[in-house]
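Remarks on the overall topology
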Amino acid sequence: KTHMSIASVVIGSTVAGIIRRASSSVCSFPIVQANKLPQVSLQRRRSSNPSLLASASNANMRVTESSTTITQNKKSRSIPKEETGIYSLFDKYPESDGRGVKIAILDTGCDLLASGLTGTTSDGITPKYIDFLDCTGDGDVPMNHTVADFDYATKQTVVGLSGRNITMGEWAKDVTTLKMGAVRLYDLLPRGVETRLKRERKEAFMAKHQALISETQSSLDKLNQLNLPSLDKGNTSGGGDNKEASSGDTKIDPQVKEVKELKLLLEQLKKIKESYDDSGGPLLDVFMFKDEGSEEDIEAVWKAVIDLEANGDLTNSIPIAPFGYARQVGELAFGSYVTFCIQVYDNGNILSIVTDAGSHGTHVAGIAAAYFADAQEQRDDLNGVAPGAQILACKIGDGRLASTETGTGLIRALIAAKKYGCDLINLSYGEPSWQPDSGRVSQVFSDAVHNWGMTVFTSAGNDGPALSSLGSPGSLSAPITVGAFVSPEMMVDQYSTLPPQEEDSPLQGASYYFSSRGPTPDGSFPDICAPGGAIAPIPRHSLQGKAQYHGTSMSSPNACGVAACILSAVRQNGITNCGPIELKRALRNTALSTAGIVDPFAQGAGLVSALDCADYIISNHGKDGQNLDIDVTIPERNQARGIYIRDEIELDGPMTFGVQVKPRFSHSIQRTSSEMDELLSLELDLQLKASEAWVTCPSSMTMLGGQTFSVRLNTEELPPGVHFATVGAIDASDPKRGNLFSLPITVIIPHSKFVSVNEPTFALNDNEHVRLKENGVDVSATFELIQGSPNRRFLTVPRGAEWATIKVKSNQPTITSASPRILLHAIPFVRGDLPNTECQLKKIYQVKEGVEEDYHLRVKGGSCLELCLQLLWLANPSPASITADIEFHSLDIRSPTLISSQPITITAASEFARLGASTPLRAEQLNPVCSLKSVSRALRPQDSDINLGSVERDVVPPSDAEVRASNSQQSSTAIGTQIYEMRLRYKFSIEGEKGKEIPVRPSFPSLFNQLYDSPLDSQLWALEDGNSQILGYGGAIHHADPVSLKKGDYTLTLLLRHPDRYVLEQMKDIPCELSLSLSDPLVCNVYDQLDKASTPNLKDDGRSPLKSVLLCKGSHQDLYVARPTKDLPAWVTTGDVLVGSLVLDKDKESVTSMELVYVAPPKANKKDAKKEKAVEKKQDSIDDVVFKAKLGYMAGLRMKNTTLYKEHAASLKEERPSSVPLLTEFLLFALESPVPSTESTEDKWRSREVELIYNAMQKTNNGPIDSISLAQYFGLNEPDKDELEDDEEAMTLNKDMKEQRSALKKILLARADISGNIADKNAPVVDEFDQAVKELKKWVCLDNLDDDKEKVQLSITLAKHSRLCQNKKATAISILLKAKKDLSGKGLRQVDEELLKVFGLCDGMEHLSENLKEGVHGLFPVVKRSV
């Protein structure tokens, strides 16, 4: 881009939250071994959009009595059907509209209330949806907290994890045990809905906030009109520098102070407006309980409550069960319009709240099987292709990864599809293809087809029109890969295409320009094509009912819907066991050549034909080999699935290829007698036939257990361009069956082969030619472009070329208003494991008269470069004439591979890297720039754990053959394989400058860019801070966005899955790479002289880096890249690798850049001459060493054994009663140790203990601290470092004084903090708090504290003092907001709690309180969202 246990959920009583059944009281539909389910009446609540919900309800209730579809004069403008012959199929087989067929839609999930998908299938009885499953785990809510002995009769409220008091309703009267969880609303929403909701919530917040600002300004204006005396502005930022003593406050007019407060409040309100943040969002409490049921035949179910409005009121909530059990649907609140259902797993420990991750899945489901009850009353057929089919909606697009598919989602969905008995699967997703038919996910897709009997349809991809642009899973062998076709009628109906001008040809059907093309690097093709555009339902949260989408994502469900109708038709004729191989063979053998532009690279066998396919299956079912898959490979070409000759050098090699043909039986491990009979009886007499004269093959072969034959290609007479042929094998006794297998053959004859210095021009036709330019290197080609047809040129890249410049311009005058838009797609290399997406050039540009466009792409010498141009008919179908000049360039400096993992390296011990540039093809500009932009740091995991996955979701079923064998032997040997999960945890710290953030992006290079071909089932990582707030997620295939991290500690958790525990155990130490961005790039100078590069730090010797220089053809230039001379950031450590690039020509960075790495050396030893001369420090005595050791031992007992602690404390106090470190330790004990059981109030006990220590510290009580002496010492000019280093006695005194001051600051801060806590609960002691703060301010301010924890404590204390003692709420807000901005750590939660108290005392700040509460839940999550 999951489920076996029975469960239910209760939805909160809200205006926006609703509960409904997806159909009327029909509840007898069985799911996964379920018996007849109880009937449940329709329950529906009020909605914020009653009319919309009413219409949805009506759609649910409508039942059609007619079972015959009348198709005469039918026309489908929305979802194309005429193109595939669906209406002809309906005419011959009236009820062949997908009835009885189950389709699993593997996508972003579906809106269960979207139009056309809310009720039943076309029979008016069977529910449209079988179930809706979140296979990604994105909506999983842990339910690990338990409230035992709940009694509704005595207490109707429970404190939820959000901290809210939750009021239960009558539904809880029989509940005795509750499970609790919580989930953020934003974690459940599709990304687009989240964006919209945040925008709407911000608008509402700003409206309230602006009203508060206006009201505050109005109050200030009224006071200003009184001409009050001015008041010097004091420091209100907190700390000990507040000049406004309380004794002076009484002399100031209260109205003057009010003016000051209002001004400060206005300033803070404006700051809040500027820093508005809604990243937290509402936190929804969730409760679950087990309902044992009131009837004997009702199975006990889990039920849960979701506080949709996040207001704590669940009095009117109604239980909702898992969708497959009671078919209930809810809607999330806050104007999201997102529908959801629920599932429950792992014995109630996991609640899965299932929502869609985007509109794509609903649109796809609508194309395949939407049913509008009144569609037959309209001339335009609005239904999906198979309105009679049922849908199993499987969400495989993970919301945490912006709806990208994951291996977990894909494999769980395939498992679920098998459990629910699905016949067909549609997957309209795809990623770049590295190595087709390899990896765990690819294997499970193969198992789904060959072992579990399900037919998989998948999209070819949207990366055309150049050849070899298929991705995965479209490049896999098991699925049916579908390209996108557009008919002239679709162009007019769906795209309002302009009609051709009189002199132009009429519109023609063709492949969409974007439809990905074959062949794959090993020669494979798409299978078929189908209409690739549709107007279909989309989710209600999109705020529109339908949308027009186009893509191969639309062609795949169209073909899948056709297949559902075909299966309906053949089942009406008694064929109930048409399997995936037979169906695929039928679709391919009956596909039609399109009535327009034929393109086998995009269309495969052709356009799917419904009636022909159904008749084919009925005629040929049961014949030998009809349901047998046959693997055809080329052993000498690494088991390639076809012959693909692309590079010119291959044309000079052998043109005879051995072909291996091997039947693939789906048998059990220990074959049954019937399977042995099938194996031994296989003998097919086949005729082999080549489709083109330039291909020679044997005329026949007998296929037994596996045979080989040879194919010879005669390419010498072929004209330039791409040539396609097949070798087909048909049953000699029954030729009408068509191919039982076919071998695709693609040969490219480069156009550049037909030009030379002696004959520089080759004419392709009257209007097109290819011409070699005078330099013997560059090529010029003309293109005549017509609607729907890609025009290709193939050029052999000169040896040594590293990049090409493509210059395109129009050959004819154009009218500006009708200037054609053209897609330029160039692929320079197709070999190995390199996807086209890693090396291609793809641009859409508008042709303008007299304007030449330049584009650059990397190339590889000797390979074949395809330059494909196609006219975009969506803009204008008028033809265009284009000239493209292709210039080849080289500096002969890069690795010979097109994409290399070998960077330029400056090692830690070297000062430079050496390389050389040459110009073998032409003169080149050398204009180098070089810099390092990020730091790469490798981490190893600190711990790991391996556990079995979910019993309901993660057991891979055995093959159908194993099940049959087990049944025949009456044994239980056919068991599934449970998947293991391993979680690795990586811990790291960010040591950057305080207040500055560093963008960080984690990745796992050894596994990255692998999904369908990954050796593992899945990988997913989550990054969290020290408060367990999730900061970002990442997956297997796309780089996550960098996350800006402050100084602090972080944890990265990686989830890996595989069915073999041993595989995971061998990956316990897999390294993680952190990429940390530098705020300013580090420049590396490039020199042309070795001595300059080897002494990079030297200056003022006349040196200068290499500037722009023109290298003549055939010349050479040595280059030396020096390490950066600027100091590395202080946080860069030994072992880090700095990463950047050397750009050889800054005007052509995309094609002349090379990766550069610099291994960070050990830090330089910076010696201080003064320190070297300093006197040796006095050594601690043995008594001091022993005393410190005892203190350290006591610290370890502080929280563990208070009795033993007190024994040691008494002994040490007797030994050194005036020890400042000892008294400081006593203070920590008073603040942190457990409260004695004899004490009823914690604050009062701690206050007494702190006061005792405070008194013990005072000199007047024979303590060590004389505050007057301290004030005198630090009030004078403190001795500087030089004076202290020369005077040992002064140094000792300075150390003692600082130790005393530190202890005094700690005790004063502790006294004031605890006093404030007591005063907050007991007004009569406010004066004591006031006095404690006055003492505190004498010694403590934010500037003289080093620890953020203490700064947070001081900020809270001062804000509390402003609130309780001075009634200065604006001052309190100012102090707290500054702390939130400047400080970090878990203590900020207490800052937010104090800020909430202040907001609660102020009129009109309810919106601030609500926003802050949501932010607290986001920053300090009460439930950790795990991977």
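The text that follows walks through the structure, step by step, so that each part is easy to find. None of the values given here were measured: they were computed from a predicted structure.

Examining the overall build of the protein chain
- Counting its regular elements, the protein chain contains 33 helices and 63 strands.
- Relative to its 1427 residues, the protein chain shows a buried fraction of 56%.
- Accessible surface, the protein chain: about 60,500 Å² in total, of which carbon and sulfur atoms supply 48%.

Some points on the sheet that holds strand β55 (residues 1030-1034)
- Strands sit in the order β49-β52-β57-β54-β55 across an open sheet of 5 strands; the sheet is antiparallel. Every other strand in the sheet has two partners, leaving β49 (943-948) and β55 as the edge strands with one partner each. Each strand of the sheet is rotated relative to its neighbour by a mean of 20°, with strand direction disregarded.
- Summarising the sheet, strand β52 (residues 980-990) and strand β57 (residues 1048-1058) pair through 11 bridges and their orientation is antiparallel. Bridging from a neighbouring strand, Y980 pairs with H1058 of β57.

With respect to the packing of helix α25 (residues 1242-1257) against helix α28 (residues 1288-1321)
- Relative to each other, α25 and α28 sit at 150°, their axes nearing to 10 Å. Between α25 and α28, the angle is such that the two are roughly antiparallel. As for the relative orientation of α25 and α28, their crossing is left-handed in sense. In this structure, α25 uses D1243, K1244, R1246, S1247, V1250, E1251, I1253, Y1254 and M1257 to contact α28, whose residues at the interface are A1303, I1307, L1308, A1310, R1311, I1314, N1317, I1318 and K1321.
- Among the residues forming the contact of α25 with α28, the class breakdown is 10 nonpolar, 2 polar and 6 charged.

With respect to helix α26 (residues 1267-1275)
- The complete set of buried residues in α26 reads L1270, Y1273 and F1274. What you see down the axis of α26 is that its buried residues fit within an arc of 85°, all on one side. Opposite its buried face, α26 presents the exposed residues I1268, Q1272 and G1275, each directed more than 90 degrees away.
- Tucked into the core, α26 has its buried residues touching α28 and α29 (1326-1339).
- The backbone nitrogen of I1268 has a side-chain oxygen 3.1 Å away, supplied by the residue at the start of α26, namely D1266.

Considerations on the pairing of strand β16 (residues 390-395)
- In terms of burial, β16 is a largely internal element, 6 of the 6 residues being buried.
- Residues Q390, L392 and C394 line one face of β16 and the alternating positions I391, A393 and K395 line the opposite face, and both faces are buried.
- In this structure, strand β3 (residues 102-107) lies alongside β16, joined through 6 bridges in parallel fashion. Bridged to D107 within β16 is K395.
- Where strand β4 (residues 129-134) lies against β16, 5 bridges are found, and the strand directions are parallel. Considered in β16, the bridge of D134 is made with K395.

Quick word on unusual backbone geometry
- Cis geometry marks the peptide bond from G464 to P465; its omega dihedral reads 15°.
- Relative to the elements of secondary structure, P465 occurs in the loop between β20 (455-459) and β21 (480-486).
- Looking along the chain, the bond that leaves G518 and enters P519 is cis, with omega of -5°.
- Unusually for a residue other than glycine, N347 sits at a positive phi of about 55°.
- Position of N347 relative to the elements: it lies in the loop between β14 (339-345) and β15 (350-354).
- On the basis of relative accessibility, which here comes to 53%, the residue N347 falls in the exposed class.

Quick notes on the pairing of β20
- Counting buried residues along β20, 5 of its 5 residues qualify, which places the element largely inside the surrounding structure.
- The alternating pattern of β20 places T455, F457 and S459 on one face and V456 and T458 on the opposite face, and all of these are buried.
- In terms of handedness, the path from strand β19 (residues 424-427) via helix α9 (residues 440-450) over to β20 forms a crossover that is right-handed.
- In this sheet, β21 lies alongside β20 in parallel orientation, the contact comprising 3 bridges. The partner of S459 across the bridge, within β21, is V482.

Some remarks on the nonpolar core
- In terms of nonpolar packing, the biggest core is built from 81 residues, with I1307 and M1405 touching the most fellow members.
- By residue number, the principal contributor to this core is α28, which donates 11 residues.
- By size, the runner-up hydrophobic cluster in this structure holds 65 residues, among which are F132, V482, L567 and V608.

Things to note about the packing of helix α32 (residues 1388-1401) against helix α33 (residues 1406-1419)
- Look at α32 against α33: their axes get within 9 Å of each other, and the N-to-C directions meet at 165°. Between α32 and α33, the crossing angle belongs to the class labelled roughly antiparallel. The chirality of how α32 crosses α33 is left-handed. Two secondary-structure elements touch here, α32 through R1389, D1392, L1395, L1396, F1399 and G1400 and α33 through L1408, S1409, L1412, K1413 and V1416.
- Among the residues forming the contact of α32 with α33, the class breakdown is 6 nonpolar, 2 polar and 3 charged.

So, the packing of aromatic side chains
- Per the stated rule, a full pass over the model turns up 18 aromatic pairs.
- Ring centres of F205 and Y276 lie 4.6 Å apart, and the angle between their planes is 40°; this geometry places the pair in the tilted category. You can see F205 sitting in helix α3 (residues 191-224) and its partner Y276 sitting in the loop between α5 (254-274) and β10 (283-291), a full 71 residues away along the chain. Summarising the burial analysis for this pair, F205 and Y276 share the class buried.
- Plain terms: the ring middles of F525 and F724 are 4.9 Å apart, the flat faces sit at 50° to each other, and that makes the pair tilted. Here the residue F525 occupies a position in the loop between β22 (510-511) and β23 (528-531), and F724 occupies one in strand β33 (residues 721-731), the gap between them amounting to 199 residues.
- An aromatic cluster is built from Y495, Y512, Y513 and F514, whose rings are joined through pairwise contacts.
- The lysine or arginine in question, R793, covers the ring of F783, its NZ or CZ lying 4.4 Å from the ring centre.
- In this arrangement the basic side chain of R1311 is found over the ring face of Y1254, its NZ or CZ atom lying 3.9 Å from the centre.

Structural notes on the sheet that holds strand β56 (residues 1043-1045)
- Spatially, β45-β63-β62-β48-β58-β53-β56 is the arrangement adopted by the 7 strands of the open sheet, whose pairing is mixed. A single partner strand is all that each edge strand has here, and the edge strands are β45 (904-906) and β56. Ignoring strand direction, the axes of neighbouring strands in this sheet form an average angle of 35°.
- Pairing between β45 and strand β63 (residues 1153-1159): 3 bridges, direction parallel. Directly across from I904, in β63, lies its bridge partner L1156.

Concerning the side chain of R517
- Its location among the elements puts R517 in the loop between β22 and β23.
- From its side chain, R517 meets the backbone oxygen of S515 in a polar contact 2.6 Å long.

Scoring rules and cut-offs
- Residues numbered from 1 in each chain as written.
- Predicted model: local features only at pLDDT ≥ 70, side-chain atom pairs only at ≥ 80, totals over all residues.
- Heavy atoms only, no water.
- Helix = DSSP H or I, 4+ residues; strand = E, 2+ residues; numbered from the N terminus.
- Buried < 20%, exposed > 50% of the residue type's maximum accessible area, 1.4 Å probe, protein only.
- Areas by Shrake-Rupley, 256 points an atom, 1.4 Å probe, with all protein chains shown as cover.
- Pairing = 2+ DSSP bridges.
- Axes fitted to C-alpha atoms, helices over the stretch in contact; angles between N-to-C directions.
- Parallel < 35°, antiparallel > 145°, perpendicular 65-115°, else oblique.
- Left-handed = near helix turned anticlockwise from the far one by under 90°.
- Contact = heavy atoms within 4.5 Å.
- Nonpolar A, V, L, I, M, F, W, Y, C, P; charged D, E, K, R; others polar.
- Arc of directions from axis to C-beta.
- Polar contact = N/O pair within 3.5 Å; in protein donor to acceptor, adjacent residues only side chain to side chain.
- Right-handed = clockwise from strand over helix to strand, strands pointing away.
- Core = buried A, V, L, I, M, F, W, Y, C linked by side-chain atoms within 4.5 Å.
- Phe/Tyr/Trp six-rings, centres within 6.5 Å; stacked < 30°, edge-to-face > 60°.
- Lys NZ or Arg CZ within 6 Å of the ring centre and 35° of its normal.

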